[in-house]
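What follows is the residue order along each chain.
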Amino acid sequence: MARYTDSVCRLCRNEGTKLFLKGSRCYSTKCGIERRRYGPGQHGQTRKKQSEFAVQLREKQKVRLTYGMLERQFALYMHDANKQKKVPTGLKLLQLCETRLDSIIYRSGLVPSRAQARQLIQHGHFLVNGKKTAIPSFSLKANQVVGVKEGSKQLIKDLISNNPASVPPNWLKVDLENLTATIVNLPAREDIDATIKEPLIVEYYSR
Ligand code: SF4
């Protein structure tokens, strides 16, 4: 599978905002965007006027990179969000992103970043409803329970103690004693990052 191998801090600097891709470093003074508040590369400090298309594209890229997805996968989520009619397309897209297994593990505070969650899932450290699940994009539904394999509990406890962003959202019930996270209900719009402008992403894909 294709993988991004360059510096992830460049991605934040390119989007001009923190995407929180590096765990505890993102909350420290070593954060790339705190140290250099301009875009990467030779023309990073040049001011650019953005077209309407560029604004939509950047919003899409920002969200896609935040959740650590490739273009094709993100486009498939958009396709699925478009097919249903129960909730607004943009909100459904964000719900699909939030309820991925890697995102749930990150949001519950069990690991410091989505990238680390993905790696640990692939190494078989996590369970869904008691069954080992090694697919980071596994989509969870209400009342499903994420747990940690017995032999991996100490590893996860060590990660929690070094996690500066371990306050879970109210749509997740987290038991840090038993290392479980239960989805109480799907996140509402106010439970998701308010800075995301999902209508721009919907407009991008409806061109
Ligand atoms: Fe982005 Fe984190 Fe790097 Fe800061 S440290 S630039 S938030 S990935």
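Residues numbered from 1 in each chain as written. Predicted model: local features only at pLDDT ≥ 70, side-chain atom pairs only at ≥ 80, totals over all residues. Heavy atoms only, no water.

**Let's talk about the site of the ligand**
This is how the line gets drawn: Distances are taken per atom, and a residue is near a molecule or strand as soon as one of its heavy atoms is within 4 Å of it. The numbering of helices and of strands both runs from the N terminus, where a helix is a DSSP run of H or I of at least 4 residues and a strand a run of E of at least 2.
Taken together, the neighbourhood of the ligand is formed by Cys9, Cys12, Lys18, Phe20, Leu21, Lys22, Cys26, Cys31, Gly32 and Ile33. For the shell around the ligand, the secondary-structure elements that each account for two or more residues are helix 1 (8-15) and helix 2 (32-35).

**Describing the sheet that holds strand 4 (residues 172-175)**
For clarity, the threshold we go by: Only when DSSP finds a minimum of two bridges between them are two strands counted as paired.
Sheet architecture is open: 5 strands sit in the order 2-1-3-5-4, paired in antiparallel fashion. Two strands lie at the open edges of the sheet, namely strand 2 (131-132) and strand 4, each paired on one side alone. Note: strand 1 (residues 126-128) against strand 3 (residues 145-148), 3 bridges, orientation antiparallel. Bridging from a neighbouring strand, Leu127 pairs with Gly147 of strand 3.

**Some details on the side chain of Ser108**
Where we set the bar: It only takes one pair of heavy atoms within 4.5 Å for two residues to be counted as in contact.
Within the secondary structure, Ser108 sits in the loop between helix 6 (101-107) and helix 7 (114-122). Excluding residues within four positions of it along the chain, Ser108 makes contact with Pro168, Leu172, Val174 and Ala181.

**Digging into the side chain of Arg13**
The cut-off we apply is this: Here the term buried applies to any residue with accessible area under 20% of the maximum for its type, exposed to any over 50%, and partly exposed to those in between, with areas from a 1.4 Å probe on protein chains only. Note on charges: Lys and Arg go in the positive column, Asp and Glu in the negative column, and His and the chain ends are not counted at all. Within this document, salt bridges are pairs made up of a side-chain nitrogen of Lys or Arg and a carboxyl oxygen of Asp or Glu, the two lying within 4 Å of each other. Identification of polar contacts relies on pairs of N or O atoms within 3.5 Å, with a donor-acceptor requirement for protein atoms, meaning one able to donate a hydrogen and the other able to accept it, and with residues adjacent in sequence counted only if both atoms are side-chain atoms.
By the secondary structure assignment, Arg13 is in helix 1. Notably, Arg13 is buried but unbridged: the nearest opposite-charge side chain belongs to Asp6, and the N-O separation is 9.8 Å. Reaching out from Arg13, the side chain makes a polar contact with the backbone oxygen of Gly39 at a distance of 3.2 Å. Leaving out residues up to four positions away in the same chain, Arg13 has contacts with Gly32, Ile33, Arg36, Tyr38, Gly39 and Pro40.

**Side note on the domain arrangement of the protein chain**
Rule in force here: Bear in mind that the domain bounds are from an automatic or database domain assignment. Buried area is understood as the total, over both parts, of accessible area removed when two parts are fitted together, assessed with a 1.4 Å probe. The nonpolar class holds Ala, Val, Leu, Ile, Met, Phe, Trp, Tyr, Cys and Pro. Asp, Glu, Lys and Arg form the charged class, and all remaining residues, Gly among them, are polar.
Along its sequence, the protein chain is carved into domain 1 (8-41 + 49-97 + 194-205) and domain 2 (100-185). Taken over C-alpha atoms, the centre of domain 1 sits 22 Å from the centre of domain 2. Listed per partner, the contact involves 14 residues of domain 1 and 13 residues of domain 2. Taken together, both faces of the contact between domain 1 and domain 2 bury some 980 Å²; the carbon and sulfur share is 47%. The three residues of domain 1 that bury the most area against domain 2 are Ser24, Tyr27 and Tyr67, which together make up 37% of that side's buried surface. Inspection of the region where domain 1 meets domain 2 yields 3 residue pairs in polar contact (both at pLDDT 80 or more). Of all elements in the fold, only helix 4 (71-83) and helix 5 (89-98) reach the threshold of two or more residues within the side of domain 1 that touches domain 2. Grouping the amino acids of the side of domain 1 that touches domain 2 by side-chain chemistry returns 8 nonpolar, 5 polar and 1 charged.

**Thoughts on the packing of aromatic side chains**
Rule in force here: Planes of paired rings set the category: under 30 degrees apart is stacked, over 60 is edge-to-face and the rest tilted, where pairs are Phe, Tyr or Trp rings (Trp by its six-membered ring) whose centres lie within 6.5 Å. Note on criteria: charge over ring means Lys NZ or Arg CZ within 6 Å of the ring centre, with the direction from the centre no more than 35 degrees off the ring normal.
Across all of its chains, the model carries 4 aromatic pairs by this definition. Consider the rings of Phe74 and Tyr205, whose centres lie 6.3 Å apart with planes at 45°: the pair is tilted. With Phe74 in helix 4 and Tyr205 in helix 9 (residues 198-205), the pair connects residues that are 131 residues apart, well separated along the chain. Here Tyr205 falls in the partly exposed class, since its relative accessible area comes to 26%. An aromatic cluster is built from Phe53, Phe74, Tyr204 and Tyr205, whose rings are joined through pairwise contacts. For the cation-ring pair, Arg207 lies above Tyr204, with the distance from its terminal atom to the ring centre recorded as 4.3 Å.

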